[in-house]
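Here's the letter readout for the chains.
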Amino acid sequence: MAENVRTDVAAGPASAGAAPADGTPPPAARRRPGRGSVTLLVVLLLAVVAGAGAATIHARQSPAAGPPSGPPWTPTASPSTGPTPTGTGLRSLAPANLRIGSAVEMKLLDADPRFRDTFTTNFNALTAENAMKWRNLEPTRGGYNWAPSDQLVEFGQAHGQAVYGHTLVWHTAVPSWIDESWDTETIRDLLRNHVSTVVGRYRGKVWAWDVVNEVLDEQGGLRDTIWLRKLGPGYIADAFRWAHEADPNARLFINEYGTEGRTRKADGLFRLVRELRAVGVPVHGVGFQSHLRWDRTPDDTTGNLRRFADLGVSVAITEMDVRITLQVTTEKLQRQERLYRHMLRACLTVPTCESFTVWGFSDATSWINTTYPDHGAACVFDADLEPKPAYDALVETLRERRGRVDVPSPGSG
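Remember, it's a predicted structure, so these values are computed and weren't measured experimentally.

Describing the overall build of the chain
Piece 1. In terms of helices and strands, the chain carries 14 helices and eleven strands.
Piece 2. Out of the 413 residues belonging to the chain, those deemed buried represent 58%.
Piece 3. Accessible area for the chain stands at about 15800 Å²; split by element, carbon and sulfur atoms hold 51% of it.

As structure tokens, this is what we get:
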């Protein structure tokens, strides 16, 4: 899963070196920031400083294996306690069965009113970018830091936004205090307590969870992690069951990168989901991260999403961004625009696609800037919070779906 600052590059292939052409405009993420982005960049720096084929599922099966229990997919948006802003943003164009979301940090929402207004105008769903990851929630054993995640949940409720929980089990977010030398039962109890505690705290407030994140290797088999080594492949099924027990009404997703199109990894994910559901594990949805490159289009995205939907699960685009090799050119922005359009159209074509989420919406705060130094400009708004061609592509695609042509594209205000 992507983060603003990250030491691994698991969210995509190694980036290629840039060969800037003379006379091309500088990338939005590296140009001198305008007044609207200075605060965002300062806050980001402060955040950095402050943050000192699939295996057989040997799961504990339910007494009677069969289709998993849990809330069925229904074409309605999650209820919220807050008002739904009206206006010209993406959320006003979204069909009733689709949430349009973005990953976000509470620090950024607090720091810049313009950033906050752009976020609330355009998105009716939010994903906790880092606040709900285990190492951040429980930095010391038994010492929880709930404030950032509580604030995000409250913010979503206040602004009519469904909250997507990210993520319960991820090998990169294991707290440093967990020692792999501990015995199996201790490790298992820690994982069960974590899943149950977090989901239970937000029962009825978080509409969906990434229960497990990035559990596959590049060949489609199970990734070698502390959980696989200590608990065996059954930890995946157990995590879903524990989450379901803690909140029977939450939607439970498996989230993965590199699976948007027809790939060997996507085939492995398909087999894994099919096997989990065959033994009654409550997998309700599959999330496709969609951290894409501007020059690579996933193979048969719509067909790929459909085959997962045919398993009886919902699908979602969970972490969309399209990184561009620096320097940025008009041609690259156009190809970026086509990729955003391509992915949203695929989602809209599959009736059980529940959400379309971008991983941050401003180039000023994108995780791409620090993880892929020779790439940037990955989001739908530039570093000055001005909408890019990719944003316009989302607006036009949603209008096509709704048959509306009377809603103007929002300015940055």
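Considerations on the nonpolar core
Piece 1. Counting residues in each nonpolar core, the largest one holds 98 residues, and the members touching the most others are Trp-209, Ile-254 and Phe-356.
Piece 2. Ignoring anything within four residues of it in the chain, the contact list for Phe-356 reads Leu-98, Arg-99, Ile-100, Gly-101, Ile-317, Met-320, Tyr-340, Met-343, Leu-344, Cys-347 and Leu-394.
Piece 3. If you look at the next biggest cluster of nonpolar residues, it comprises seven residues, including Ala-162, Tyr-164, Phe-253 and Ala-316.

What to know about helix α7 (residues 184–201)
Since the α-helix turns once every 3.6 residues, residues separated by three or four places project in the same direction.
Piece 1. Here α7 is 18 residues long and its end C-alpha atoms lie 26 Å apart, about the 26 Å a rise of 1.5 Å per residue gives.
Piece 2. Buried residues of α7: Ile-187, Arg-188, Leu-190, Leu-191, His-194, Val-195, Val-198 and Val-199, and no others. Along the axis of α7, the buried positions cluster into a sector of 160°, meaning they face one direction only.
Piece 3. Contacts from the buried residues of α7 go to α5 (134–137), β4 (169–170), β5 (208–213), α8 (226–231) and α9 (234–246).
Piece 4. A side-chain oxygen of the first residue of α7 lies 3.1 Å from the backbone nitrogen of Glu-185; this N-cap is Asp-183.

Focus on the confidence of the model for the chain
Piece 1. For the chain, the mean per-residue pLDDT works out to 84, and 76% of the residues sit at or above 70.
Piece 2. Across residues 58–67, confidence stays below pLDDT 50; counting only partners more than four residues off in sequence or on other chains, it has 21 contacts.
Piece 3. Below pLDDT 50 for its whole length, residues 69–82 participates in 34 contacts with residues either more than four positions away or in separate chains.

Things to note about unusual backbone geometry
A negative phi angle characterises most non-glycine residues, just as the trans form characterises most peptide bonds.
Piece 1. Here the amide bond leading from His-166 into Thr-167 is cis, since omega sits at -5°, within 30 degrees of zero.
Piece 2. In this structure, Thr-167 sits in the loop between β3 (162–165) and β4.
Piece 3. The step from Leu-326 to Gln-327 runs through a cis peptide bond, and the omega angle for that step is 10°.
Piece 4. Position of Gln-327 among the secondary structure elements: in the loop between β9 (314–325) and α12 (330–349).
Piece 5. Even without glycine at this site, Ser-290 takes up a positive phi of about 70°.
Piece 6. Structurally, Ser-290 is set in the loop between β7 (285–288) and β8 (291–293).
Piece 7. Assessed through its relative accessible area of 0%, Ser-290 is described here as buried.
Piece 8. One non-glycine residue, Leu-385, lies in the positive phi region at around 65°.
Piece 9. Mapped onto the fold, Leu-385 is located in the loop between β11 (375–376) and α14 (389–402).

Overview of the side chain of Lys-133
Piece 1. As for its placement among the helices and strands, Lys-133 is situated in the loop between β2 (125–128) and α5.
Piece 2. Reaching out from Lys-133, the side chain makes a polar contact with the side chain of Asn-130 at a distance of 2.9 Å.

Re the packing of aromatic side chains
Piece 1. Following the criterion strictly, the structure yields 17 aromatic pairs and no others.
Piece 2. Consider the rings of Trp-134 and Trp-227, whose centres lie 5.8 Å apart with planes at 10°: the pair is stacked. Taken together, the residues Trp-134 in helix α5 and Trp-227 in helix α8 connect sequence positions 93 residues apart.
Piece 3. For Trp-227, a relative accessible area of 2% gives the class buried.
Piece 4. Ring pairing ties together the aromatic residues Phe-115, Phe-119, Phe-123, Phe-155, Phe-361, Phe-381 and Tyr-391, which thus form one cluster.
Piece 5. We note Lys-265 situated over the ring of Tyr-257; from NZ or CZ to the ring centre the distance is 3.2 Å.
Piece 6. Above the ring of Phe-270, the side-chain terminus of Arg-307 is found at 5.1 Å from the ring centroid.

So, the pairing of strand β6 (residues 251–256)
Piece 1. Within β6, six of the six residues are buried, leaving the element largely enclosed by the surrounding structure.
Piece 2. Along β6, one buried face is formed by Arg-251, Phe-253 and Asn-255 and the opposite face, lined by Leu-252, Ile-254 and Glu-256, is buried too.
Piece 3. Direction of pairing for β5 relative to β6: parallel, over a ladder of five bridges. Across the sheet, Ala-208 pairs through a bridge with Arg-251, a residue of β6.
Piece 4. Of the crossover connections in this fold, the one passing from β6 over helix α10 (residues 264–278) to the parallel β7 is right-handed.

Conventions and cut-offs
Residues numbered from 1 in each chain as written. Predicted model: local features only at pLDDT ≥ 70, side-chain atom pairs only at ≥ 80, totals over all residues. Heavy atoms only, no water. Helix = DSSP H or I, 4+ residues; strand = E, 2+ residues; numbered from the N terminus. Buried < 20%, exposed > 50% of the residue type's maximum accessible area, 1.4 Å probe, protein only. Areas by Shrake-Rupley, 256 points an atom, 1.4 Å probe, with all protein chains shown as cover. Core = buried A, V, L, I, M, F, W, Y, C linked by side-chain atoms within 4.5 Å. Contact = heavy atoms within 4.5 Å. Expected span 1.5 Å × (residues − 1). Arc of directions from axis to C-beta. Polar contact = N/O pair within 3.5 Å; in protein donor to acceptor, adjacent residues only side chain to side chain. pLDDT = per-residue confidence, 0-100. Phe/Tyr/Trp six-rings, centres within 6.5 Å; stacked < 30°, edge-to-face > 60°. Lys NZ or Arg CZ within 6 Å of the ring centre and 35° of its normal. Pairing = 2+ DSSP bridges. Right-handed = clockwise from strand over helix to strand, strands pointing away.

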